[in-house]
Amino acid sequence: MLVSLALVALALRAGLEMRRRRHAGERRGRELVARHLRLAKPAVYMIAAGFLGGPLSAWWLRGWTPGRTFHAGLGVVAAALFLSAGVMGHRILRGKSRAVDAHGWLGLLGMLVAAVAAVAGFVLLP
């Protein structure tokens, strides 16, 4: 999950640069969009895999009841935010949405919640 969070942070950085350029009236540049997509797409897939793998690991490897921790609740929120940002980003890319600011806010909130979830998960480590 730390690798996926690192990818999200790099995608966020590219997204913030696109936002800065848009607000300055500059062109965002195809290379910047390509870099954002190259980082964000695998990050969303990795987060989805981690979201599914976490409860399986808790149940199968540790004998815990999945979803009974603060970490799990934060994980659900973070996954929902990232999935929403990913779907919205896909729609923006296809020209079916212009909600670029909402996409950015969802990604930023997802990153913040995921960071808190990572810290909350430290107490669960063996």
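A brief look at the structure comes next. (Residues numbered from 1 in each chain as written. Predicted model: local features only at pLDDT ≥ 70, side-chain atom pairs only at ≥ 80, totals over all residues. Heavy atoms only, no water.)

1. Some thoughts on helix 3 (residues 70-93)
Point 1. Compared with an ideal rise of 1.5 Å per residue, which puts 24 residues at 34 Å, helix 3 spans 34 Å between its outermost C-alpha atoms and is within 8% of the ideal.
Point 2. Of the positions making up helix 3, those classed as buried are Ala72, Leu74, Ala78, Ala79, Leu81, Phe82, Ala85 and Gly89.
Point 3. Of the surrounding secondary structure, the elements contacted by the buried residues of helix 3 are helix 1 (2-23), helix 2 (30-60) and helix 4 (100-121).
Point 4. At the exit of helix 3 stands Gly95, carrying a positive phi of roughly 80°. (Helix = DSSP H or I, 4+ residues; strand = E, 2+ residues; numbered from the N terminus. Expected span 1.5 Å × (residues − 1). Buried < 20%, exposed > 50% of the residue type's maximum accessible area, 1.4 Å probe, protein only. Contact = heavy atoms within 4.5 Å.)

2. A closer look at the layout of surface pockets
Point 1. The space that makes up the largest pocket amounts to roughly 1,100 Å³.
Point 2. Residue lining of the largest pocket: 36 residues in total, with Met18, His36, Ala85, Gly89 and His103 positioned closest to the centre.
Point 3. Counting only elements with at least two residues in the lining of the largest pocket, the list comes to helix 1, helix 2, helix 3 and helix 4.
Point 4. With nine residues, helix 3 is the largest single contributor of residues to the lining of the largest pocket.
Point 5. Grouping the amino acids of the lining of the largest pocket by side-chain chemistry returns 20 nonpolar, eight polar and eight charged.
Point 6. In this structure, the second largest pocket encloses a volume near 890 Å³.
Point 7. Lining the second largest pocket we find 32 residues, and of these Met1, Gly50, Gly54, His71 and Leu124 sit closest to its centre. (1 Å grid on protein atoms, 1.4 Å probe; cavity = no way out; pocket = protein on both sides within 12 Å on 5 of 7 lines; lining within 4 Å. Points joined across faces, edges and corners; volume = space filled by probe spheres on them. Nonpolar A, V, L, I, M, F, W, Y, C, P; charged D, E, K, R; others polar.)

3. As for the environment of Gly67
Point 1. Positionally, Gly67 belongs in the loop between helix 2 and helix 3.
Point 2. Sequence separation of Gly67 and Val113 is 46 residues, and the distance between their C-alpha atoms is 16 Å.

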